[in-house]
Amino acid sequence: MRIRAAIAVPAVSAAVAGLLLTAPQSQAAAGPDRTARCAEKALTVRAKAVPGHPAVLRVRVTNHGTRACVVDRVPTVTFGDLDGAALPVPEGGTGTYRLAVRATAYADVRTIKDPRDPEARRVDAVTVAASAAHWGRSFTAAQLGTGRRVLVWEPVTTWWQRSAAAADRAIGLS
C-alpha cells in the first residue's frame, strides 16, 4: 500500500496542476466572493417619496463600516401591518449586492400603480431593511412625504442600483 500511495499522490498532483495550467485564466482564478454580510449597525437606511411621484419611494443604504460588505440584492420593504413585502423587479432577487466603505446604493419602490385603485390599502408606515435578516428602519407617511398615509397595492421594488437615476430607470420613471 505504501508503494501505491507514493505513486498515486504525485500522479494526482501532476494531473491537478496540468488542469490548472491549461484552464482559462478566468476559470483558474475564479472563486466565490467572501465579502462578509453587512452588520445592521454599520448601515444607514433612508427613504423618501420621489418628488412629483408620491407612489414611488426612493430608498438608499450607506455603508458606514470599516470594510466592504454585502446586503441582499433587493431591499426588504414591508408596509404597516400588511402581510408580505414588495416584490423585486426584475424577478430573481436572490443574491447579494456589495457595498464598499462609504458607498451608497439606491432602490425605488412603487407602492401602487394607480392611486385611484379601489383595492388600495392604506398604511401609516413603511419599514425598509437592506437585508431580510435585519430589523430595518420604519418611516411614517409624513417622513416619507406621502401625506397622512401610504397607498399600497401590489408593491414592487428594484434591485439595489449605483445611483438614484439608475433606480428611477429600473422602475420606469425615466
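As named in an unreviewed UniProt entry, the protein chain is DUF4232 domain-containing protein, taken from Streptomyces cinerochromogenes.

A. Structural view of the pattern of salt bridges. Scanning the model with the defined rule gives 5 salt bridges in all. Residue Arg 149 is joined to Asp 124 by a salt bridge in which the shortest nitrogen-to-oxygen separation is 2.0 Å. With Arg 149 in the loop between helix H3 (141-144) and strand E11 (150-152) and Asp 124 in the loop between strand E8 (121-123) and strand E9 (125-129), the pair connects residues that are 25 residues apart, well separated along the chain. Residue classification places Arg 149 among the partly exposed positions, given a relative accessible area of 41%. You can call Asp 124 partly exposed: its relative accessible area is 45%. Linked through salt bridges whose partners overlap, the residues forming this network are Arg 58, Asp 108 and Asp 168.

B. View of the packing of aromatic side chains. If you walk through the whole model with that rule in mind, you get 0 aromatic pairs. A cation over an aromatic ring shows up here: Arg 73 above the ring of Trp 159, its NZ or CZ 4.5 Å from the ring centre.

C. Geometry of the environment of Val 61. With respect to the helices, strands and loops of the structure, Val 61 is situated in strand E2 (residues 53-63). With a relative accessible area of 0%, Val 61 lands in the buried category. Separated by 69 residues in sequence, Val 61 and Ala 130 place their C-alpha atoms 6.8 Å apart. If we skip the residues at most four places from it in the chain, Val 61 touches Leu 43, Thr 44, Val 45, Leu 99, Ala 103, Thr 104, Ala 105, Ala 130 and Trp 160.

D. Fine view of the nonpolar core. Among the nonpolar cores identified, the biggest contains 28 residues, and Val 61, Val 71, Phe 79, Val 126, Val 128 and Trp 160 are the most heavily contacted of them. Looking at this core, the element that brings in the most residues is strand E1 (residues 43-50), giving 4 residues. Apart from the residues lying within four places of it in its own chain, the contact partners of Val 71 are Arg 37, Cys 38, Leu 43, Gly 95, Thr 96, Tyr 97, Leu 99, Ala 130, Ser 131 and Trp 160.

E. Region of the structure containing the sheet that holds strand E12 (residues 156-158). If you walk across this open sheet you meet the 5 strands as E1-E2-E7-E12-E5, and the pairing is mixed. Bordering the open sheet on either side are E1 and strand E5 (87-89), each of which pairs with just one other strand. Each strand axis lies, on average, 25° off the axis of its neighbour in the sheet, ignoring direction. As paired strands, strand E7 (residues 104-110) and E12 are joined by 2 bridges and run antiparallel to one another. Within E12, the residue paired with Val 109 across the bridge is Thr 157. Strand contacts of helix H4 (residues 164-171): E1, E2, E5, E7 and E12, with the helix running at about 30° to E7, the strand carrying the most contacts.

F. View of the sheet that holds strand E4 (residues 76-79). The 3 strands lie next to each other as E4-E9-E10, forming an open sheet whose pairing is antiparallel. Strands with a single pairing partner mark the edges of an open sheet, and in this sheet they are E4 and strand E10 (137-140). Going from strand to strand, the sheet's axes swing by 20° on average, the running direction of each strand aside. Sheet topology places E9 next to E10; 4 bridges connect them, and they run antiparallel. Considered in E10, the bridge of Val 128 is made with Arg 137.

G. Molecular detail of the state of the cysteines. Going through the model one piece at a time under the given rule, you end up with 1 disulfide. Each sulfur in the disulfide pair Cys 38 and Cys 69 lies 1.9 Å from the other. Looking along the S-S bond of the Cys 38-Cys 69 disulfide, the torsion reads about 90°, which is the right-handed sense. On the criterion of sequence distance, the pair formed by Cys 38 in the loop between helix H2 (25-28) and E1 and Cys 69 in strand E3 (residues 69-72) is long-range, its members being 31 residues apart. There is no split in this pair, since Cys 38 and Cys 69 are both buried.

Cut-offs used in this document
- Residues numbered from 1 in each chain as written.
- Predicted model: local features only at pLDDT ≥ 70, side-chain atom pairs only at ≥ 80, totals over all residues.
- Heavy atoms only, no water.
- Salt bridge = Lys/Arg side-chain N within 4 Å of Asp/Glu carboxyl O.
- Helix = DSSP H or I, 4+ residues; strand = E, 2+ residues; numbered from the N terminus.
- Buried < 20%, exposed > 50% of the residue type's maximum accessible area, 1.4 Å probe, protein only.
- Phe/Tyr/Trp six-rings, centres within 6.5 Å; stacked < 30°, edge-to-face > 60°.
- Lys NZ or Arg CZ within 6 Å of the ring centre and 35° of its normal.
- Contact = heavy atoms within 4.5 Å.
- Core = buried A, V, L, I, M, F, W, Y, C linked by side-chain atoms within 4.5 Å.
- Pairing = 2+ DSSP bridges.
- Axes fitted to C-alpha atoms, helices over the stretch in contact; angles between N-to-C directions.
- Disulfide = S-S within 2.5 Å.

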